[in-house]
Amino acid sequence: MGLTPLEGLIMGTRSGDIDPAVVQFICNKEGKDVNEVLNILNKKSGVLGMSGGVSSDFRDIEAAKSEGNHLAKVALEAFVYRVAKYIGAYTAAMNGVDAIAFTAGVGENDKASRKAICSYLGYLGVKIDDAANDVRGKNAVISAVDSKVKVMLIPTNEELAIARETKRLTE
């Protein structure tokens, strides 16, 4: 079994999962119309909002955390927690997993976040090999030899995905 891409996470600028009643509550409390609130939730939330406006780029958030910015630290901790929570939910829904793959921006390039996420997954038998995890942007198995779940880093290849989909549509 494998994990599907995670949806509803805290993103760079988007809010992720929220109760739909929040939109009405914010409209009423802040005197904003629905379009203003949706703009906030889609473009000014996520780690950008949680970090107090530092950035939507996780590299900037990490740098701010390293400089002692408490909100940046909390934003990164919230992101890690949410990813681990989704992995746990999907694992339960699938009755277990054989592998977990990290990909795209943060997954491909942020060894600290990968390790922090996997630290929540000890109950699955996930163990990270720190030396193997010290990699960016290339195919790698980053789990320890005795990990019960294989953990991999798989670089995103958007151009290949687009080419394959285009070919499929033209056949």
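Cut-offs and rules
- Each chain has its residues counted from 1, running along the sequence as written.
- In keeping with the predicted nature of the model, local features appear solely for residues at pLDDT of at least 70, side-chain atom pairs appear and are counted solely at 80 or more, and the whole-chain, interface and lining totals rest on all residues.
- Only hydrogens and water are set aside; all other atoms, that is, all heavy atoms of the structure, feed into the side-chain values.
- Fitting a line to C-alpha atoms yields each axis, with helices limited to the stretch in contact; the angle taken between N-to-C directions then spans 0 to 180 degrees.
- Think of it this way: any DSSP run of H or I at least four residues long counts as a helix, any run of E at least two long counts as a strand, and we number them from the N terminus.
- Here is the rule for handedness: rotate from the far helix to the near one, and if that takes an anticlockwise turn smaller than a right angle the crossing is left-handed, while a clockwise turn gives right-handed.
- Any pair of residues with heavy atoms lying within 4.5 Å of one another is described as a contacting pair.
- Under the convention adopted here, Pro, Cys and the residues Ala, Val, Leu, Ile, Met, Phe, Trp and Tyr are nonpolar, Asp, Glu, Lys and Arg are charged, and Gly plus all remaining residues are polar.
- Side-chain rings of Phe, Tyr and Trp (the six-membered ring for Trp) are treated as a pair once their centres are within 6.5 Å; stacked means planes under 30 degrees apart, edge-to-face means over 60, and tilted covers the remaining angles.
- A residue's pLDDT is the predictor's confidence in that residue, given on a scale from 0 to 100.
- Any residue under 20% of the maximum accessible area for its type is buried, any over 50% is exposed, and the rest in between are partly exposed; the area is computed with a 1.4 Å probe on protein chains only.
- The directions from the helix axis to the C-beta atoms form the arc being described.
- Identification of polar contacts relies on pairs of N or O atoms within 3.5 Å, with a donor-acceptor requirement for protein atoms, meaning one able to donate a hydrogen and the other able to accept it, and with residues adjacent in sequence counted only if both atoms are side-chain atoms.
- Strands are labelled as partners when DSSP assigns at least two bridges between them.

Visitor: Can you walk me through the packing of helix H1 (residues 21-30) against helix H2 (residues 34-43) in this structure?
Guide: A packed helix pair is summarised by two numbers, namely the angle formed by the two axes and the spacing between the axes. Contact geometry for H1 and H2: axes closest at 9 Å, N-to-C directions at 115°. The two elements H1 and H2 cross, and the hand of that crossing is right-handed. Each of Val 23, Ile 26 and Cys 27 in H1 lies in contact with H2, whose residues at this interface are Val 34, Val 37, Leu 38 and Leu 41. Classifying every residue of the contact of H1 with H2 gives 7 nonpolar, no polar and no charged.

Visitor: Explain the packing of aromatic side chains here, please?
Guide: The geometry of an aromatic ring pair is captured by the separation of the ring centres together with the interplanar angle, meaning the angle of the planes. Across all of its chains, the model carries 3 aromatic pairs by this definition. Their ring planes at 40° and their centres at 6.4 Å tell us that Tyr 86 and Tyr 90 sit as a pair that is tilted. Of this pair, Tyr 86 and Tyr 90 both sit in helix H5 (residues 70-93), 4 residues apart, which is roughly one turn of that helix.

Visitor: I would appreciate a short explanation of the confidence of the model for the chain in the present structure.
Guide: Caution applies to low-pLDDT parts of the model: their predicted coordinates are not meant to be read in detail. Here the chain averages 89 in pLDDT, and 92% of its residues register 70 or above. The weakest mean pLDDT in the chain belongs to helix H6 (residues 104-109) at 87; the strongest belongs to helix H8 (residues 130-133) at 97. Below a pLDDT of 50 lies the segment residues 1-8, which in the model reaches 27 contacts outside its immediate sequence neighbourhood of four places, other chains included.

Visitor: What is the right way to look at helix H7 (residues 111-119) in this model?
Guide: The α-helix advances 3.6 residues per turn, and as a result positions three or four apart in sequence lie on the same side. Among all positions in H7, only Ser 113, Arg 114, Ile 117 and Cys 118 are buried. Seen from one end, H7 has its buried residues packed into an arc of 130°, which puts them on one side. Tucked into the core, H7 has its buried residues touching H5, strand E1 (99-102), H6, H8 and strand E3 (150-153). Where H7 starts, the residue carrying a side-chain oxygen 3.2 Å from the main-chain nitrogen of Ala 112 turns out to be Asp 110.

Visitor: For this particular structure, what's the right way to read the sheet that holds E3?
Guide: Backbone hydrogen bonds hold the strands of a sheet together, and the pairing may be parallel or antiparallel. Read across the open sheet, the 3 strands follow the order E1-E3-E2; overall the sheet is mixed. In this open sheet, the two strands that pair with only one neighbour each are E1 and strand E2 (140-141). Sheet analysis places E1 next to E3, joined by 4 bridges and oriented parallel. Bridge pairing in E3 links Phe 102 to Leu 153.

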